[in-house]
Amino acid sequence: MYHLEENEQNTAFNVEPFDSTVWEVVSMAGRIDLGAELKAAIETRDWQNIQDIFENITHQMTFYTAVYVVLPHMVQLLEQVMEEGDLEHAHMLIWNLGICLAADIPGNRMGEPDSPLMDDYQAAAKKLSGLVKHLINTRLQDIQELSNEQKSTLLAATLAILGERELVFAGMEAFAAGAVEELHFMCGGDCEFFAECVDPYEEESEIGLILPQEYEPEAWDGVSYDNPFVWTTGIAELFGAEEQIEVLRWLYGSLTCPECGQTKRVLDYMITYLTEA
């Protein structure tokens with residue numbers, strides 16, 4: 001059994017004061033008094049309001065600038081919840097924080113703040129990765145006993161938090177469904193190749209053969225994050241989320257573009273489709 005290195009949880013960061021004027025200028029899907037709403041929700045542990053705030057700042061997987069100031073507060077709350085042993089709400093926070101980070105990819109941001117907001121946001125995201133590793137190290141049996149749906153959402157969030165943001169952004173529907181039901185392709189650049197709603201299991205596809213990534217069980221050493229497919233499937237194995245390994249095989253699979261001849265990962269086509277189409 002692995003013991004994941006969790007030194008990141010010692011990372012220090014500051015949170016934006018609730019009376020700061022920054023809360024008035026950050027973007028989100030709906031207009032609310034964000035600083036006051038978040039302060040009240042955290043102080044009273046109003047979980048429905050906390051969920052509503054997350055949905056406001058990540059609506060339709062858009063990365064709004066409000067995430068930069070909300071995320072450090074939520075990471076701070078997660079640490080408290082974990083210390084209390086509350087796995088249910090730790091899971092809820094990790095899921096939503098994972099969505100925040102999955103949406104934070106090039107081409108999807110609504111803007112970027114100046115330092116020190118950015119520095120604290122990045123430090124909080126780093127601490128979050130340490131907290132998630134600590135949860136895996138200390139509550140793995142509880143994680144393995146979750147329902148398939150709960151394991152799927154926790155896995156997706158974990159992969160985004162530990163670094164594979166584009167994977168989760170591209171594959172959110174597949175992770176939620178527990179299977180790859182259709183894929184979307186856009187090559188980008190000077191190439192005009194574009195295809196939607198492609199069935200990956202269709203043998204005679206007009207776009208050519210989509211090759212899923214070869215999977216070798218127990219290939220991860222629990223230490224190296226150099227090979228994304230190896231460590232992401234390693235985490236899926238730890239969780240007992242076997243159905244998600246098939247999702248990962250397709251997303252990390254490859255297709256040779258029928259127009260320009262480039263061979264790319266499926267998730268790279270998907271990212272281009274989602275951010276440029």
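Throughout what follows, the structure given in this document is the object of discussion.

Conventions and cut-offs
- Residues numbered from 1 in each chain as written.
- Predicted model: local features only at pLDDT ≥ 70, side-chain atom pairs only at ≥ 80, totals over all residues.
- Heavy atoms only, no water.
- Helix = DSSP H or I, 4+ residues; strand = E, 2+ residues; numbered from the N terminus.
- Contact = heavy atoms within 4.5 Å.
- Areas by Shrake-Rupley, 256 points an atom, 1.4 Å probe, with all protein chains shown as cover.
- Lys, Arg positive; Asp, Glu negative; His and termini not counted.
- Charge placed at Lys NZ, Arg CZ, Asp CG, Glu CD.
- Salt bridge = Lys/Arg side-chain N within 4 Å of Asp/Glu carboxyl O.
- Buried < 20%, exposed > 50% of the residue type's maximum accessible area, 1.4 Å probe, protein only.
- Pairing = 2+ DSSP bridges.
- Expected span 1.5 Å × (residues − 1).
- Polar contact = N/O pair within 3.5 Å; in protein donor to acceptor, adjacent residues only side chain to side chain.
- Core = buried A, V, L, I, M, F, W, Y, C linked by side-chain atoms within 4.5 Å.
- Bend = angle between axes of the 7 residues up to and from the residue.
- Axes fitted to C-alpha atoms, helices over the stretch in contact; angles between N-to-C directions.
- Parallel < 35°, antiparallel > 145°, perpendicular 65-115°, else oblique.
- Left-handed = near helix turned anticlockwise from the far one by under 90°.
- Nonpolar A, V, L, I, M, F, W, Y, C, P; charged D, E, K, R; others polar.

## A look at the overall build of the protein
Reasoning step 1: Across its full length, the protein carries 10 helices and four strands.
Reasoning step 2: Across the protein, the fraction of contacts at a sequence separation of at least 24, relative to all contacts at a separation of at least 6, is 70%.
Reasoning step 3: Summing over all exposed atoms, the protein offers an accessible surface of approximately 13,000 Å²; the carbon and sulfur share of this is 45%.
Reasoning step 4: Positive and negative side-chain charges of the protein, numbering 13 and 50 respectively, have mean locations separated by a distance of 7 Å.

## Topic: the pattern of salt bridges
Reasoning step 1: Counted under the stated rule, the structure contains 10 salt bridges.
Reasoning step 2: Two residues, Arg249 and Glu246, come together in a salt bridge whose shortest N-O distance is 3.5 Å. Of the two residues, Arg249 and Glu246 are both situated in helix H9 (residues 242–251); the distance of three residues between them amounts to about one turn of the helix.
Reasoning step 3: For Glu246, a relative accessible area of 31% gives the class partly exposed.
Reasoning step 4: Members of the salt-bridge network, linked through shared partners, are Asp104, Arg109, Glu112 and Arg165.

## So, the environment of Gly261
Reasoning step 1: Note that Gly261 resides in the loop between strand E3 (254–256) and strand E4 (263–265).
Reasoning step 2: Considering only alpha carbons, one finds Gly261 and His184, 77 residues apart in sequence, at a separation of 17 Å.

## Focus: the pairing of strand E2 (residues 191–198)
Reasoning step 1: In this structure, strand E1 (residues 183–188) lies alongside E2, joined through four bridges in antiparallel fashion. Of the residues in E2, the one forming a bridge with Phe185 is Ala195.
Reasoning step 2: A loop of two residues connects E1 with E2, the two strands running antiparallel in sequence, and Gly189 in this loop sits at a positive phi of about 65 degrees.

## Some remarks on helix H4 (residues 87–102)
Reasoning step 1: An ideal rise of 1.5 Å per residue puts 22 Å on 16 residues; H4 measures up with 22 Å between its terminal C-alpha atoms.
Reasoning step 2: Most of H4 sits inside the fold, with 14 of its 16 residues counted as buried.
Reasoning step 3: The N-cap of H4, judged by a side-chain oxygen 3.4 Å from the amide nitrogen of Glu88 a few residues on, is Asp86.

## Here's the deal with the pairing of E1
Reasoning step 1: Judged by how many residues are buried, E1 sits mostly within the fold: six of six residues are covered.
Reasoning step 2: What you see with E1 is no split at all: Leu183, Phe185 and Cys187 on one side and His184, Met186 and Gly188 on the other are buried throughout.

## Side note on unusual backbone geometry
Reasoning step 1: At Arg45, a position not held by glycine, the phi torsion is positive, near 50 degrees.
Reasoning step 2: Topologically, Arg45 is positioned in the loop between helix H1 (34–44) and helix H2 (47–57).
Reasoning step 3: The class for Arg45 is partly exposed, based on a relative accessible area of 26%.
Reasoning step 4: The backbone phi angle of Met61 is positive, close to 60 degrees, even though this residue is not glycine.

## Regarding the nonpolar core
Reasoning step 1: Of all hydrophobic cores here, the largest spans 101 residues; its most connected members are Met74, Leu93, Phe185, Phe193, Ile235 and Phe239.
Reasoning step 2: No other element matches the 13 residues that helix H5 (residues 117–144) contributes to this core.
Reasoning step 3: Contacts of Phe185, omitting those with residues within four sequence positions, involve Phe193, Phe194, Ala195, Val198, Ile207, Ile210, Leu255, Val266, Tyr269 and Tyr273.

## Re helix H7 (residues 165–177)
Reasoning step 1: Compared with the 18 Å implied by 1.5 Å per residue over 13 residues, the 18 Å span of H7 between its first and last C-alpha is a close match.
Reasoning step 2: Taken as a whole, H7 carries its principal kink of about 70 degrees at Gly171.
Reasoning step 3: Each element contacted by the buried residues of H7 is listed here: H4, helix H6 (148–161), helix H8 (228–239), H9 and helix H10 (266–276).
Reasoning step 4: Note on H7: the residue one or two positions beyond its end, Gly178, has a positive phi of about 75 degrees.

## Describing the packing of H4 against H6
Reasoning step 1: Look at H4 against H6: their axes get within 8 Å of each other, and the N-to-C directions meet at 45 degrees. By the criterion of interaxial angle, the relationship of H4 to H6 is oblique. Every pair of crossing elements has a handedness; the one defined by H4 and H6 is left-handed. Touching His91, Ile94, Trp95, Gly98, Leu101 and Ala102 of H4 are Gln150, Thr153, Leu154, Ala156, Ala157, Ala160 and Ile161, all from H6.
Reasoning step 2: Of the residues contributing to the contact of H4 with H6, the split by class is nine nonpolar, four polar and no charged.

## A word on the side chain of Glu8
Reasoning step 1: Note on placement: Glu8 falls in the segment before H1.
Reasoning step 2: For Glu8, a relative accessible area of 18% translates into the label buried.
Reasoning step 3: A polar contact of 2.7 Å, which involves the side chain of Glu8, links it to the side chain of Lys133.
Reasoning step 4: Discounting residues that sit within four places of it in the chain, Glu8 has contacts with Lys126, Lys127, Ser129, Gly130 and Lys133.

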